[in-house]
Amino acid sequence: MVETANHQPPPPQVAAPPVRPPLGASTGPTFAPREQLHQLHYCIQSNPSWPITFLLAFQHYIVMLGTTVMIASLLVPQMGGDHGDKARVIQALLFTSGLNTLLQTLLGSRLPTVMGPSFAFLLSVFSVIADFSDSNFDSEHQRFKHTIRAVQGSLIVSSFINIFIGYSKAWGNLTRFFSPIVIVPFVCVVGLGLFPRGFPQLGNCVEIGLPMLILLVIGQMYLKHIIPGAHSTLERFGLLFCIAIIWAFAAILTVSGAYNDAGQQTQQNCRTDRSYLISSAPWIKVPYPFQWGAPIFRASHVFGMMGAALVSSAESTGTFIAAARLAGATYPPAHVLSRSIGLQGVGQLLDGIFGAVVGTTASVENVGLLGLTHIGSRRVVEISSAFMIFFSIFGKFGAFFASIPLPIFVALYCILYGIVAAIGISYTQFANCNSMRNIYILGLSLFLGLSIPQYFIGYTTSARHGPVNTNAGWFNDIWNTIFSSPPAVTLIVATLLDNTLDARSSFNDRGVQWLVPYQNRKGEPRNEEFYGLPLRINEFMPTRLLR
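Quantities reported herein were computed from a predicted structural model and do not represent experimental measurements. (Residues numbered from 1 in each chain as written. Predicted model: local features only at pLDDT ≥ 70, side-chain atom pairs only at ≥ 80, totals over all residues. Heavy atoms only, no water.)

Draft legend 1. Quick look at the overall build of the protein. Across its full length, the protein holds 23 helices and two strands. A globule of 547 residues ought to have a C-alpha radius of gyration of about 24 Å, and the protein, at 27 Å, matches this closely. The proportion of buried residues among the 547 residues of the protein is 54%. Considering only residue pairs separated by 6 or more positions, the protein has 85% of its internal contacts joining residues 24 or more positions apart. Entry remark: accessible area of the protein is about 23,600 Å², with carbon and sulfur atoms responsible for 65%. The positive charge centre, built from 32 side chains, and the negative charge centre, built from 24, are 6 Å apart in the protein. (Helix = DSSP H or I, 4+ residues; strand = E, 2+ residues; numbered from the N terminus. Rg over C-alpha atoms; globule rule 2.2 N^0.38 Å. Buried < 20%, exposed > 50% of the residue type's maximum accessible area, 1.4 Å probe, protein only. Contact = heavy atoms within 4.5 Å. Areas by Shrake-Rupley, 256 points an atom, 1.4 Å probe, with all protein chains shown as cover. Lys, Arg positive; Asp, Glu negative; His and termini not counted. Charge placed at Lys NZ, Arg CZ, Asp CG, Glu CD.)

Below you can see the structure in the form of structure tokens.
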């Protein structure tokens, strides 16, 4: 009885507090880094059927055509040329772009990259135009021919800069200083740095450009989920459908007289009959060497163009890195980047010989198209070079597509440039994004890469000369060109900071260990699979060019 009376019930068990994850740990799903994108339908070595290949190749031609027409329309009138001269300049640009694209895909980077005219050469060309603006010529056409011959001479001589830094392996050795912390802002700015050619240009004709932008987003990204049977067709060819619809809409507005009372600038951007290319282009004309006459060589022009050649090398390198990821290839090895820049110099030499008004570089918009269609096939881009050459010879047919209003192209570029910028951001997965050192370098290089060129471009627009303004015009052109390029500025800032700020102690945080195997020809077994030259050409090349 005593024991029963003194018996106490056991104390209630208290549930253990839930174990909380350490501060800063992930509370949601995590995603392992992936070296290759797994949503591509065709990678660099796989090919669609021939009908699909030809349609996709034609689509690449249409996309690069916008930049070609934009550059010719900007430069030729200021050089003194008329509509016929503009048509022939477009033909020369298309012809050299086709040759350079074919050479690059066969013997250069081996990536599916279209080589198109580069905006990096504009400042140097404007300098040549200014030198002859006060000269006495019998006619404006004579001034045009004299100016373009001077541009030819400077392109020819400055091309040897890229040939030297490429085939001497100097450029490849520079890329060995890259890490994901350099690649992220560099590739990102290759796309973002082109924002002045996005919506600001679209605003020149909102009633055409904005419907094109909205229709492409809805038609390609949303409609394919609403109509599952048309998923692959809309994903691959939605861009062509949207161009056809908005082009027809622009033609209806033109015919109906919607722009009859509009200003000259609005009519130039919105009407479908203001390019005058169809009426002025020849039916058949094969571009040939020195078609404008013997090139004119002037030291001041050559030195200025050298800065543009270096800038185009930087821009192409960032574009090649983005293309490799969107094509399902490994990161481009150093010897491939050297080889591609050397061949780009050869391409610039061809630009000067055939009378192109600017040099060529890897087309950012066409690399964005790889991501938009999920097709990174090399064969598609090789076939697109045939379209460029064909339409450069048969001028009337090429002029028909070149008469598409520029705001339609600009609306495409808003999406395509953004895809390339996002590819740059995707490289953050290979570095430690929680490192304050890395965050500092990423932020500063991104901001300065956009801010410094904006200052240089704005200053040049208002003052009619760049911030670097000495008595040596060639010196001014070199530095004003370099610092007006967002990719060039970003590359300089990011590379210097990443290799001088706690570089050794932050070796793993920088992601260098992931990148090292891809920087050597034999460091990664798949490098030869993606970047090996065709037809056993490797056996006939000096071994120093293959390392």
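From this point, things continue past the structure.
Draft legend 2. Summary view of the environment of Val 128. By secondary structure assignment, the location of Val 128 is in helix H4 (residues 122-132). Val 128 sits in the buried class, given a relative accessible area of 1%. If sequence neighbours within four positions are ignored, Val 128 has contacts with Thr 147, Ala 150, Val 151 and His 301.

Draft legend 3. Structural detail: the packing of aromatic side chains. Applying the stated rule across the entire model yields 28 aromatic pairs. Seen from their ring centres, Phe 391 and Phe 401 are 5.6 Å apart, and the 75° between their planes marks the pair as edge-to-face. One end of the pair, Phe 391, is in helix H16 (residues 378-393); the other, Phe 401, is in helix H17 (residues 395-402), with ten residues separating them in the sequence. For the residue pair Phe 391 and Phe 401, the accessibility class agrees, reading buried in each case. Between the aromatic rings of Trp 479 and Phe 483, the centroid separation amounts to 6.0 Å while the plane-to-plane angle is 25°, which identifies the pairing as stacked. The class of Trp 479 is partly exposed, set by a relative accessible area of 36%. Phe 483 gets classed as partly exposed once you look at its relative accessible area, which sits at 24%. Across the ring face of Phe 119, the terminal group of Arg 197 is positioned such that the distance to the ring centre comes to 3.7 Å. Above the plane of the ring of Tyr 427 lies Arg 325, whose end atom (NZ or CZ) is 5.6 Å from the centre. (Phe/Tyr/Trp six-rings, centres within 6.5 Å; stacked < 30°, edge-to-face > 60°. Lys NZ or Arg CZ within 6 Å of the ring centre and 35° of its normal.)

Draft legend 4. Structural detail: the side chain of Ser 384. Locating Ser 384 in the fold gives a position in helix H16. Residue Ser 384 is classed as buried on the basis of its relative accessible area of 0%.

Draft legend 5. How the structure looks around helix H15 (residues 364-373). The element H15 is extensively covered by neighbouring structure, given that ten of its ten residues are classed as buried. Listed as buried for H15 are Val 364, Glu 365, Asn 366, Val 367, Gly 368, Leu 369, Leu 370, Gly 371, Leu 372 and Thr 373. Just past H15, the residue His 374 takes up positive phi, approximately 60°.

Draft legend 6. Quick peek at unusual backbone geometry. Within the chain, Arg 110 stands out as a residue other than glycine whose phi angle is a positive 65°. Here Arg 110 shows up in the loop between helix H3 (83-107) and strand S1 (115-117). Of the residues examined, Arg 110 reaches a relative accessible area of 8% and is grouped as buried. A positive phi angle is found at His 374, which is not glycine, with a value near 60°.

Draft legend 7. Broad picture of the packing of helix H9 (residues 206-226) against helix H18 (residues 406-426). For the pair H9 and H18, interaxial distance at closest approach is 8 Å and the crossing angle is 40°. Looking at the two axes, H9 sits oblique to H18. Judged by the sense of rotation from one axis to the other, the crossing of H9 with H18 is right-handed. On the side of H9, the interface is formed by Ile 208, Gly 209, Met 212, Leu 213, Leu 216 and Val 217, while H18 contributes Pro 407, Ile 408, Ala 411, Leu 412, Cys 414 and Ile 415. Looking at the contact of H9 with H18 residue by residue, the class counts come to eleven nonpolar, one polar and no charged. (Axes fitted to C-alpha atoms, helices over the stretch in contact; angles between N-to-C directions. Parallel < 35°, antiparallel > 145°, perpendicular 65-115°, else oblique. Left-handed = near helix turned anticlockwise from the far one by under 90°. Nonpolar A, V, L, I, M, F, W, Y, C, P; charged D, E, K, R; others polar.)

Draft legend 8. Region of interest: the nonpolar core. Ranked by size, the top nonpolar core spans 121 residues in total, and within it Tyr 61, Leu 75, Val 89, Val 358, Leu 412 and Tyr 427 carry the most contacts. Excluding its chain neighbours within four sequence positions, the residues that come into contact with Val 358 are Ile 71, Leu 75, Leu 93, Pro 117, Ser 118, Phe 121, Leu 122, Val 125, Leu 155 and Asp 351. Ile 44, Leu 111, Met 115 and Leu 337 belong to the second-largest nonpolar core, a separate cluster that totals twelve residues. (Core = buried A, V, L, I, M, F, W, Y, C linked by side-chain atoms within 4.5 Å.)

Draft legend 9. Summary view of the side chain of Ser 377. The topology assignment puts Ser 377 in the loop between H15 and H16. Within polar-contact distance, the side chain of Ser 377 engages the side chain of Asn 47 at 2.9 Å. (Polar contact = N/O pair within 3.5 Å; in protein donor to acceptor, adjacent residues only side chain to side chain.)

Draft legend 10. Looking closely at helix H5 (residues 140-167). When the terminal C-alpha atoms of H5 are compared, their 41 Å separation across 28 residues agrees well with the 40 Å that a helix rising 1.5 Å per residue should span. Where H5 terminates, the next one or two residues include Lys 169, which has phi positive at roughly 70°. (Expected span 1.5 Å × (residues − 1).)

Draft legend 11. Fine view of the pattern of salt bridges. Enumeration according to the criterion identifies eight salt bridges in this entry. Among the ionic pairs, Arg 271 bridges to Asp 273, the shortest N-O distance being 2.9 Å. Residue class for Arg 271 comes out buried when judged on its relative accessible area of 10%. Exposure remark for Asp 273: the relative accessible area of 34% places this residue in the partly exposed category. (Salt bridge = Lys/Arg side-chain N within 4 Å of Asp/Glu carboxyl O.)

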